[in-house]
Amino acid sequence: MSSNNGYILELATSEASVGSNVPLQFRILDSAGTPLTRYTDTHDKQLHLIVVGLDLTGIQHVHPELDENGNWHLSVDFDHPGDYRVFADFTPDGGDGITLSADVRVAGSYEPRPLPAAASATTVDGYTVSVEGEAHAGQTSKLTLSVSRDGIPVTDLQPYLAAYGHLVALRASDLAYLHVHPDGYPGDGVTPAGPAITFYANMPSAEDYRLFLDFKHGDVVRTAEFTLTADNATTPESERAHHAHHGH
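Residues numbered from 1 in each chain as written. Predicted model: local features only at pLDDT ≥ 70, side-chain atom pairs only at ≥ 80, totals over all residues. Heavy atoms only, no water.

Draft legend 1. View of the overall build of the protein. What the protein contains, in helices and strands, is zero helices and 20 strands. A globule of 248 residues ought to have a C-alpha radius of gyration of about 18 Å, and the protein, at 18 Å, matches this closely. When its C-alpha atoms are laid out on the principal axes, the protein stretches across 45 × 45 × 40 Å. Residues classed as buried in the protein amount to 47% of the 248 residues present. Residue pairs in contact within the protein that sit at least 24 positions apart in sequence constitute 65% of those at least 6 positions apart. (Helix = DSSP H or I, 4+ residues; strand = E, 2+ residues; numbered from the N terminus. Rg over C-alpha atoms; globule rule 2.2 N^0.38 Å. Buried < 20%, exposed > 50% of the residue type's maximum accessible area, 1.4 Å probe, protein only. Contact = heavy atoms within 4.5 Å.)

Below, the structure written as structure tokens:
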């Protein structure tokens, strides 16, 4: 939603042109219409911005700069015409986490790309990311993503924004943004640096979801993308662990 709990995401413009490093500016307004300037850091940042095409392509996870007047500034890549959704994920100082969204139209004709079929593994830049676990609608599902390269498990993932991986999940039918919580964190004495990264997600309905995993290795952040289908199956109450880790 563009508004939630009294806060509003206000884009400086809802239209843009195709190109790289396209300037984008926005504000978060409170219930009085005043720009929000005080935030609580989440995963080392005041605000996480997700930009993705409405056909779930071209995702970007970026971190804009805030000026003294409450305006956020950044540059994004609009690689092709079409409609894009912008998600602002943040925590107001002294408040709870909020996600707001708004759309940007990039001029030109285009054909939306079909959603890739559900799969248990995907590749990016020579890395293979596989997922274990079942997604069940209406309950917390444990998903373990494992990273390998040339068939060899990666055991030296690097911390990125205070985690070994960040997972964004979007419902394919309406791009509903799911908060996904990682299990553990670097330096806690328990969580290994790969190859497995475990997350807990709550899929609200039985349908397809597009998942995007950010992970860092060799000083480069890469994004693995795949489709996951949630079903209506249930599991015993004893297996439904509720995890209160903060993240996305």
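Draft legend 2. Structural context of the side chain of Ser-141. Turning to its location among the elements, Ser-141 is positioned in strand S13 (residues 140-149). A distance of 2.9 Å separates a polar atom in the side chain of Ser-141 from the backbone nitrogen of His-136. Setting aside residues no more than four positions away along its own chain, Ser-141 makes contact with Glu-134, Ala-135, His-136, Phe-199, Tyr-200 and Ala-201. (Polar contact = N/O pair within 3.5 Å; in protein donor to acceptor, adjacent residues only side chain to side chain.)

Draft legend 3. The arrangement of the nonpolar core in detail. By size, the foremost hydrophobic cluster in this structure holds 28 residues, and its most contacted members are Leu-143, Leu-145, Met-203, Leu-211, Leu-213 and Phe-215. Broken down by element, this core gets its largest block of residues, four residues, from strand S19 (residues 208-217). Setting aside residues no more than four positions away along its own chain, Leu-211 makes contact with Leu-143, Leu-167, Val-168, Ala-169, Ala-224, Glu-225, Phe-226 and Leu-228. Core analysis: the second largest hydrophobic core is formed by 27 residues, Leu-49, Val-62, Val-86 and Leu-100 among them. (Core = buried A, V, L, I, M, F, W, Y, C linked by side-chain atoms within 4.5 Å.)

Draft legend 4. View of the confidence of the model for the protein. When the pLDDT values of the protein are averaged, the result is 92; 94% of them are 70 or greater. For residues 235-248, every residue scores under 50 in pLDDT, and the model assigns this stretch 30 contacts once sequence neighbours within four places are set aside. (pLDDT = per-residue confidence, 0-100.)

Draft legend 5. Just unusual backbone geometry, in detail. Of note, the bond from Gly-194 into Pro-195 is cis; its omega dihedral lies within 30 degrees of zero at 0°. Note on placement: Pro-195 falls in the loop between strand S17 (180-182) and strand S18 (196-202). The phi angle at Ala-162 is positive, at roughly 65°, despite the residue not being glycine. The exposure class of Ala-162 is partly exposed, given its relative accessible area of 35%.

Draft legend 6. View of the pairing of strand S11 (residues 121-124). Burial of S11 is one-sided: the residues Thr-122 and Val-124 facing one way are buried, the residues Ala-121 and Thr-123 facing the other way are not. Bridge analysis of S11 against strand S12 (residues 127-132) gives four bridges, and the strand direction is antiparallel. The residue of S12 that forms the bridge with Val-124 is Tyr-127. Between S11 and S12, which pair antiparallel in sequence order, lie two residues; one of them, Asp-125, sits at a positive phi of approximately 50°. (Pairing = 2+ DSSP bridges.)

Draft legend 7. Structural view of the packing of aromatic side chains. Within the structure shown, the criterion is met by seven aromatic pairs. Considering the side-chain rings of Tyr-39 and Trp-72, the 5.2 Å spacing of their centres and the 75° angle between planes classify their relative orientation as edge-to-face. One end of the pair, Tyr-39, is in the loop between strand S4 (19-29) and strand S5 (47-53); the other, Trp-72, is in strand S8 (residues 71-78), with 33 residues separating them in the sequence. Summarising the burial analysis for this pair, Tyr-39 and Trp-72 share the class buried. Taken together, the ring pairs in this structure connect Tyr-7, Phe-26, Tyr-39, Trp-72 and Phe-90 into an aromatic cluster. (Phe/Tyr/Trp six-rings, centres within 6.5 Å; stacked < 30°, edge-to-face > 60°.)

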